[in-house]
Amino acid sequence: MLEILKTFKFPYTLYNFFKKHQLEHNIPLFNKYGLKKSYYSSVSSADFRSIESPKNIYDAQDSRSAMPSNPAFEALDNQLKNELLPWSEKGYAILKGFFSAEEIDAVNQEIQSLVDTKQVKFKYRTKIMFAIDKSKLLFDFGTNKKLLSVLDLLLGKKVELFQSINFFVGSQQRSHSDSIHMTTFPYGNMIAVWVALEDITAESGPLHYYPGSHTMPYIMNHDYDNVGTETRLGKKTYSDYEDHLERIIKAKGLKKEVFVAKKGDVFIWHANLIHGGEKVIDPKSTRKSMVFHFYTTDAFCFHEITQRPSLKHRITFADYS
Ligand SMILES: O=C(O)CCC(=O)C(=O)O
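Residues numbered from 1 in each chain as written. Predicted model: local features only at pLDDT ≥ 70, side-chain atom pairs only at ≥ 80, totals over all residues. Heavy atoms only, no water.

**Here's the deal with helix 9 (residues 101-116)**
Part 1: For helix 9, which comprises 16 residues, the first-to-last C-alpha distance of 22 Å matches the rise-based estimate of 22 Å (1.5 Å per residue) to within 8%.
Part 2: Where helix 9 is concerned, the buried positions are Ile104, Val107, Asn108, Ile111 and Leu114. In an axial view of helix 9, the angular spread of the buried residues amounts to 130°, which keeps them on one side of the axis. Counted as exposed and oriented over 90 degrees from the buried face of helix 9: Glu102, Gln109 and Asp116. (Helix = DSSP H or I, 4+ residues; strand = E, 2+ residues; numbered from the N terminus. Expected span 1.5 Å × (residues − 1). Buried < 20%, exposed > 50% of the residue type's maximum accessible area, 1.4 Å probe, protein only. Arc of directions from axis to C-beta.)

Below, the structure written as structure tokens:
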């Protein structure tokens, strides 16, 4: 019954109606893009199809040549500069040893304590969602000043933390682009940060990614026949999306790489970089990691598959609590 209800748009609109205060920030954007619907109703890429999507700075210009003249770049140390320079070409940046062992130990202790006290629980088998809502320490970790300044630089504008996910073991998630889950208009206004909370082994299901895949067209509902109707969501399953993407990866001959990270290393990915989790070869292994997803403050943010606007999240830990 619940599953059938979820195929209709109406329950989501009702849910949004009760969360109106977390959607009101979209009103000027509805006006800007000429969307003739209420700000708590269903929304998807179909609403923006006739509008050109402007590119962010390092999607429009090559970061290797354009970034060095940015004052925010000049202020960084040489290691970070070298790590960020290939952003436009690769669609990711690896920041070696960005967090100290002490910072990571504190995060591990905190998440374990949230689990032990049942303040968070696992969803989708391997994921602890939004632990940042339960812990100021985790929220502050995700909004680390130096990290935010790097993200602002990469996108050329301010970002805000939207979501966190903690893993104890490999996700084994098939390849995807986050833009199907956390979509923005204009496209490309989401950015993700993955943190290794321990030394990761090749057998524990490390993160994988396809360098340069962020420059491919964004895959949206209409690309895999999942648009739906006025009242219903599209009929395709999430596996249909994954199959569609797998066919594209094969057809384009994209080359996969795997990130066997050290504790404290950070992997930043572009909104449209294809990535996922490798198969876990050693079932006894852990793969402790934490992912943060950020939106820019100026974009219209939504969830393409369920055609829901994203609820505005907290800016400080005290907001919405
Ligand atoms: O950590 C992983 O294995 C995958 C995480 C991921 O795909 C995501 O958070 O979007």
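**Digging into helix 11 (residues 145-155)**
At 3.6 residues per turn, the α-helix brings residues three or four places apart onto the same side.
Part 1: Taken across its 11 residues, helix 11 has eight buried, putting it largely inside the fold.
Part 2: Taken residue by residue, helix 11 has Leu147, Leu148, Val150, Leu151, Asp152, Leu153, Leu154 and Leu155 as its buried positions.
Part 3: Near the N-terminus of helix 11, the side chain that reaches the backbone nitrogen of Lys146, with its oxygen 2.9 Å away, is that of Asn144.
Part 4: Gly156 sits one or two positions beyond helix 11 and adopts a positive phi of about 75°. (Polar contact = N/O pair within 3.5 Å; in protein donor to acceptor, adjacent residues only side chain to side chain.)

**Details of the packing of aromatic side chains**
Part 1: Tallied over the entire structure, the rule returns 27 aromatic pairs.
Part 2: Ring geometry for Phe292 against Phe294: centres 6.4 Å apart, planes inclined by 45°, an arrangement best described as tilted.
Part 3: Each member of the aromatic cluster is reached from another via a ring pair, and the members are Phe30, Tyr33, Phe48, Phe185, Tyr187, Tyr218, Phe300 and Phe302.
Part 4: Positioned over the ring face of Phe167 is Arg287, at 5.2 Å from the centre of the ring. (Phe/Tyr/Trp six-rings, centres within 6.5 Å; stacked < 30°, edge-to-face > 60°. Lys NZ or Arg CZ within 6 Å of the ring centre and 35° of its normal.)

**Things to note about the site of the ligand**
Part 1: Near the ligand there are 14 residues, and of these Ser171, His176, Asp178, Trp194 and Arg287 occur at the shortest range.
Part 2: Within the side chain of His176, a nitrogen or oxygen atom sits 3.1 Å from an oxygen atom of the ligand.
Part 3: Across the complex, the protein chains shield 98% of the 290 Å² of accessible surface that the ligand would expose by itself.
Part 4: For the shell around the ligand, a count of residues per class yields six nonpolar, six polar and two charged. (Near = heavy atom within 4 Å. Areas by Shrake-Rupley, 256 points an atom, 1.4 Å probe, with all protein chains shown as cover. Nonpolar A, V, L, I, M, F, W, Y, C, P; charged D, E, K, R; others polar.)

**What to know about unusual backbone geometry**
Part 1: Put simply, Phe185 and Pro186 share a cis peptide bond, and its omega is -5°.
Part 2: Mapped onto the elements of the fold, Pro186 is located in the loop between strand 5 (183-185) and strand 6 (190-196).
Part 3: Look at Asp225: it is not a glycine, yet its phi comes out positive at around 60°.
Part 4: Along the polypeptide, Asp225 turns up in the loop between strand 7 (207-209) and helix 12 (238-252).
Part 5: In this structure, Gln307 is a non-glycine residue whose phi angle is positive, near 55°.
Part 6: With respect to the helices and strands, the residue Gln307 is situated in the loop between strand 12 (300-303) and strand 13 (308-309).

**As for the environment of Gly277**
Part 1: The topology assignment puts Gly277 in strand 10 (residues 275-277).
Part 2: Taking relative accessible area as the criterion, Gly277 reaches 7% and is therefore assigned buried.
Part 3: Linking Gly277 and Pro206, residues 71 residues apart in sequence, is a C-alpha distance of 5.8 Å.
Part 4: Setting aside its immediate chain neighbours within four residues, Gly277 contacts Ser171, Gln172, Gln173, Pro206 and His208. (Contact = heavy atoms within 4.5 Å.)

**Notes on the nonpolar core**
Part 1: The biggest cluster of nonpolar side chains holds 43 residues, and the ones touching the most others in it are Leu84, Ile268 and Phe294.
Part 2: Considering each element in turn, this core owes the most residues, seven residues, to helix 11.
Part 3: Sequence-distant contacts of Phe294, defined by excluding residues within four places in its chain, comprise Gly142, Leu147, Leu148, Leu151, Val159, Glu160, Leu161, Phe162, Asn189, Met190, Ile191 and Val193. (Core = buried A, V, L, I, M, F, W, Y, C linked by side-chain atoms within 4.5 Å.)

**Regarding a nonpolar patch on the surface**
Part 1: Taken together, the side chains of Phe10, Leu14, Phe17 and Phe18 define a hydrophobic patch exposed on the protein surface, amounting to about 450 Å² of accessible area.
Part 2: Position of Leu14 among the secondary structure elements: in helix 2 (residues 10-18). (Patch = residues over 30% accessible without salt bridge, like charges linked within 9 Å, V, L, I, M, F, W, Y side chains within 5 Å. Salt bridge = Lys/Arg side-chain N within 4 Å of Asp/Glu carboxyl O.)

**A look at the sheet that holds strand 8 (residues 257-259)**
Part 1: Strand order in this open sheet of three strands is 8-7-10, and the pairing throughout is antiparallel. Of all the strands in the sheet, the pair left with one neighbour each is strand 8 and strand 10. Averaged over all pairs of adjacent strands, the angle between strand axes in this sheet comes to 30°, irrespective of strand direction.
Part 2: In the sheet, strand 7 pairs with strand 8 via three bridges, with the strands oriented antiparallel. Directly across from Leu207, in strand 8, lies its bridge partner Phe259. (Pairing = 2+ DSSP bridges. Axes fitted to C-alpha atoms, helices over the stretch in contact; angles between N-to-C directions.)

**Here's the deal with the sheet that holds strand 2 (residues 122-123)**
Part 1: Strands sit in the order 1-9-6-11-4-3-2 across an open sheet of seven strands; the sheet is antiparallel. The open sheet has two free edges, formed respectively by strand 1 (92-95) and strand 2, since each of these has just one partner strand.
Part 2: Here strand 6 runs beside strand 9 (residues 266-270); their pairing, made up of five bridges, is antiparallel. Looking at the pairing, Val195 lines up with Val266 of strand 9.
Part 3: On top of the sheet, helix 11 reaches strand 4 (159-167), strand 6, strand 9 and strand 11 (289-296); it is set at about 140° to strand 6, its chief contact.

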